[in-house]
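Each chain, written out:
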Amino acid sequence: MTELNLEFEVENPELPLEMDRTGLSFFKASVKNYSSEWFEELYTKKKSVIKTYSWSFFLPEARFGTETIRIRGNKFFISFSDANMAELLKFYNAFSLMKNKSHPMNKNSMKLVAIKAQNLQEIKDTEIIIKMQSSLIVRKHNSEDNTDIYYTCEDAEFPSMVKENLRVFLEKLNINMDISNFSITPLKGKKVVSKVMSRYTDQSIGIYKLTGNPELLNLLYAAGLGSRRSEAYGKFPVMHKLFGYGPDTFGILTTQKFFGDMINTTGLLFDNAHNEY
């Protein structure tokens with residue numbers, strides 16, 4: 001599995017507040033420049049096309065204003081992945097043709113200056129911990145009146161609606177995959193509200209536990225989770241700390257592995273990494 005890391009330079013550090021529109025504009029320009037037929041396949045307005053890619057921004061030391069985002073320096077980054085490897089290669093070629101070309105932003109301009117391919121570790125477990133790199137959008141769409149209901153990690157329906165979004169995603173792609181053992185559990189989830197294509201939308205950020213078969217989890221790792229994945233939402237890295245210890249689990253290590261040595265040597269019990277109490 002491969003992720004593309006795109007590095008951009010901007011004319012000035014004041015970026016548009018709606019960077020999802022900016023990124024999507026760049027992707028569309030890249031695809032259209034590469035192949036008009038491919039552009040029609042992906043972005044035709046005749047029907048809704050389910051995408052298999054996801055992406056997210058990294059904006060260094062971003063400060064959000066009412067209309068703009070100010071970053072440190074003149075660079076920002078996009079992480080891009082695609083569950084369809086053949087399509088990922090086409091995107092790589094399309095991006096390569098856009099290198100060092102100025103692309104317009106609102107009262108600014110951006111230029112792709114570097115593309116780096118990074119191998120992602122394959123998921124082999126049935127349980128992983130993830131941290132949302134871009135916020136998670138979960139919605140129930142009513143096609144009859146074209147309305148949406150959004151759910152966050154604070155809602156009781158959240159786990160079942162994430163699973164329902166997943167079912168619809170697989171169904172529309174004609175992917176036959178068992179999701180009966182899929183689940184999502186908020187560990188340190190948080191509700192946020194921000195604009196999505198100019199509309200304020202309920203979203204979730206934070207840390208979650210996913211369970212499911214490895215094939216499914218690897219698909220989500222590349223394609224993203226939830227709705228609007230192709231618009232800079234639902235992308236996540238895997239936190240490889242299901243193994244090992246940190247400040248909150250330091251006491252497990254000391255009491256299970258070194259209890260005798262600890263007591264015999266110091267006469268004290270150390271169960272906190274910061275030794276605060």
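This section reports on the structure supplied with the text. Values in this document were obtained by computation on a predicted structure and should not be read as measured data.

About the cut-offs
- Residues numbered from 1 in each chain as written.
- Predicted model: local features only at pLDDT ≥ 70, side-chain atom pairs only at ≥ 80, totals over all residues.
- Heavy atoms only, no water.
- Phe/Tyr/Trp six-rings, centres within 6.5 Å; stacked < 30°, edge-to-face > 60°.
- Lys NZ or Arg CZ within 6 Å of the ring centre and 35° of its normal.
- 1 Å grid on protein atoms, 1.4 Å probe; cavity = no way out; pocket = protein on both sides within 12 Å on 5 of 7 lines; lining within 4 Å.
- Points joined across faces, edges and corners; volume = space filled by probe spheres on them.
- Helix = DSSP H or I, 4+ residues; strand = E, 2+ residues; numbered from the N terminus.
- Nonpolar A, V, L, I, M, F, W, Y, C, P; charged D, E, K, R; others polar.
- Salt bridge = Lys/Arg side-chain N within 4 Å of Asp/Glu carboxyl O.
- Buried < 20%, exposed > 50% of the residue type's maximum accessible area, 1.4 Å probe, protein only.

1. A short note on the packing of aromatic side chains
Point 1. According to the stated counting rule, one finds 21 aromatic pairs in the structure shown.
Point 2. Seen from the ring of F39, K32 lies directly overhead, with NZ or CZ sitting 5.3 Å from the centre.

2. Side note on empty space enclosed by the protein
Point 1. If you walk through the whole model with that rule in mind, you get one cavity of 30 Å³ or more.
Point 2. The volume enclosed by the largest cavity comes to roughly 30 Å³.
Point 3. Lining the largest cavity are N165, L166, F169, L220, G224, L225, G226 and R229.
Point 4. Sort the elements by how many residues they give to the lining of the largest cavity and helix 4 (residues 158-172) lands first, with three residues.
Point 5. Looking at the lining of the largest cavity residue by residue, the class counts come to four nonpolar, three polar and one charged.

3. Quick notes on the pattern of salt bridges
Point 1. Enumeration according to the criterion identifies ten salt bridges in this entry.
Point 2. The shortest N-O distance in the salt bridge between E18 and R21 comes to 2.9 Å.
Point 3. With relative accessibility at 19%, the residue E18 sits in the buried group.
Point 4. In this structure, R167 engages E171 in a salt bridge whose closest nitrogen and oxygen atoms are separated by 3.0 Å. With a gap of four residues between them, R167 and E171 both fall in helix 4, about one helical turn apart.
Point 5. For E171, a relative accessible area of 49% puts it in the partly exposed group.
Point 6. Connected through salt bridges with shared partners, the residues E164, R167 and E171 form a single ionic network.

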